[in-house]
Every structure is written in structure tokens, then in C-alpha cells.
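The residues making up each chain are set out below.
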Amino acid sequence: MSITTLSVMGCSNTVTIHYDQAATCYLFDSNPTGQPHTTTSSSNGLFVIYKITSIDNTSSGAKDFNFNPSKVYNGNQSLANNQSFDYLLQLAQPHTVAKGTTGTNLGKLVIDTTADPKTDQKADFPLRYNSGSGESVLLVRDNPNTPPPFLDPCSPSNINSL
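Attention in this report is confined to the structure presented alongside it. Because the structure is a prediction, the values reported are computed rather than measured.

## Brief notes about unusual backbone geometry
Stage number 1. Cis rather than trans, the peptide bond between Asp152 and Pro153 has omega equal to 0°.
Stage number 2. Here Pro153 lies in the loop between strand S11 (150–151) and helix H2 (156–160).
Stage number 3. Its identity as a non-glycine residue notwithstanding, Asn105 has a phi of 45°, on the positive side.
Stage number 4. Asn105 sits in the exposed class, given a relative accessible area of 60%.
Stage number 5. Although it is not a glycine, Asn143 sits at a positive phi angle of roughly 55°.
Stage number 6. The residue Asn143 is located in the loop between strand S10 (136–141) and S11 in this model.

Below, the structure written as C-alpha cells:
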């Protein structure tokens, strides 16, 4: 970690994305009272729900930053927000954060993560960002010592209330 920290400290245009690992679940229930009742299970083990709390673009050499949720991944799965139920959730959308400003409350990300749904419910799944040319992005988890709640199942109401 110290190597990453040193290399980021040398960049004058580093954008810092703050996030919280808000919850995990194995099942997603799009309509808990609907008939017929159907659920979607994680194809890889767990859905991990993240909340992008802020994007700080105030470093000394800041340039406008074009946040793209499709560039966000964790170490176990490569795509955020690639589920068929995304339209039901308050998800992060592409957003430009102007230089010298901080964007807040930017939405959630859902990543279908390779994990054991029995033992990894409260595991830490750090986010990464596939930076483009000229971008320097640092991801910081808010409250890293607080394990996320396990929701059984996830639903639009309990995810959107996070």
C-alpha cells in the first residue's frame, strides 16, 4: 500500500472517489409482494452494493473528471451495474466533476462478485477504477472497519434506503 500511496502523492491531478461498501446479498427480489414471485440470485456468489459518497476533484492540477460507473470494478468481478434489475435502483450514472469541485451523493453500484455467500457476507471487496490516459484516480472506502449488512434478500426499497 505504501508504494501506491507514494505514486499517487506525486500526481498533482489526482481525483479521489470516496465510497462505502453499503451491503451484500445473495438474492435480489425486485417485487417482494408480486405474484408470481421471482428472485434473481447472484451468478458468482454475492451481489455487493456500493455507495459513491463523493468525488473530490480539488487537487492542485485538477482537470474536469468524467466519472464513468462502467470503469469501476472490484478484484473479483469486472463490471458494475450490469444486472437486469438496475432500472429499479438509484444507481450511479456518468457524471462530470468540474475541476476544483467535489461531487456528492452520486448513487450506488451493484457488482455480482465471485464470493462464498455463506462465509463472505461481511468481507471487504475494495473498488478499483480503470483509469484512462491522463487520469489519476484514488478510491477510498469510508468506514473501512464497519462490515456491510447482509440483506436477505436485497430489494429496491432496502437498497435505495442505504
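Here the narrative resumes.
## Focus: the pairing of strand S4 (residues 45–57)
Here is the key point about a regular strand: its side chains alternate between the two faces of the sheet.
Stage number 1. S4 sits mainly inside the fold: ten of its 13 residues count as buried.
Stage number 2. In this sheet, strand S8 (residues 101–114) lies alongside S4 in antiparallel orientation, the contact comprising twelve bridges. Within the sheet, the bridge partner assigned to Ile52 lies in S8 and is Gly107.

## Describing the packing of aromatic side chains
Stage number 1. Inspection of every chain in the model, using the stated rule, returns three aromatic pairs.
Stage number 2. Ring geometry for Tyr19 versus Tyr50: centroids 5.8 Å apart, planes at 70°, classification edge-to-face. On the criterion of sequence distance, the pair formed by Tyr19 in strand S1 (residues 14–25) and Tyr50 in strand S4 is long-range, its members being 31 residues apart.
Stage number 3. Owing to a relative accessible area of 0%, Tyr50 belongs among the buried residues under this scheme.
Stage number 4. Plain terms: the ring middles of Phe65 and Tyr129 are 5.8 Å apart, the flat faces sit at 50° to each other, and that makes the pair tilted. Of this pair, Phe65 sits in strand S5 (residues 65–67) while Tyr129 is found in strand S9 (residues 127–129), placing the two residues 64 residues apart along the sequence. Each member of the pair Phe65 and Tyr129 is classed as buried.
Stage number 5. Taken together, Phe65, Phe67 and Tyr129 form an aromatic cluster joined through their ring pairs.

## Structural notes on the environment of Asp142
Stage number 1. Along the polypeptide, Asp142 turns up in the loop between S10 and S11.
Stage number 2. For Asp142 and His18, which are 124 residues apart along the polypeptide, the C-alpha to C-alpha distance reads 6.4 Å.
Stage number 3. Here His18 takes part through its side chain, which lies 3.2 Å from a polar atom of the side chain of Asp142.

## Notes on the side chain of Thr113
Stage number 1. Its place among the elements puts Thr113 in strand S8.
Stage number 2. Of note is the side chain of Thr113, whose polar atom sits 3.0 Å from the side chain of Asn74.

Definitions and cut-offs
- Residues numbered from 1 in each chain as written.
- Predicted model: local features only at pLDDT ≥ 70, side-chain atom pairs only at ≥ 80, totals over all residues.
- Heavy atoms only, no water.
- Helix = DSSP H or I, 4+ residues; strand = E, 2+ residues; numbered from the N terminus.
- Buried < 20%, exposed > 50% of the residue type's maximum accessible area, 1.4 Å probe, protein only.
- Pairing = 2+ DSSP bridges.
- Phe/Tyr/Trp six-rings, centres within 6.5 Å; stacked < 30°, edge-to-face > 60°.
- Polar contact = N/O pair within 3.5 Å; in protein donor to acceptor, adjacent residues only side chain to side chain.

Interpretation note: all reported values are geometric properties and have no functional meaning in isolation.
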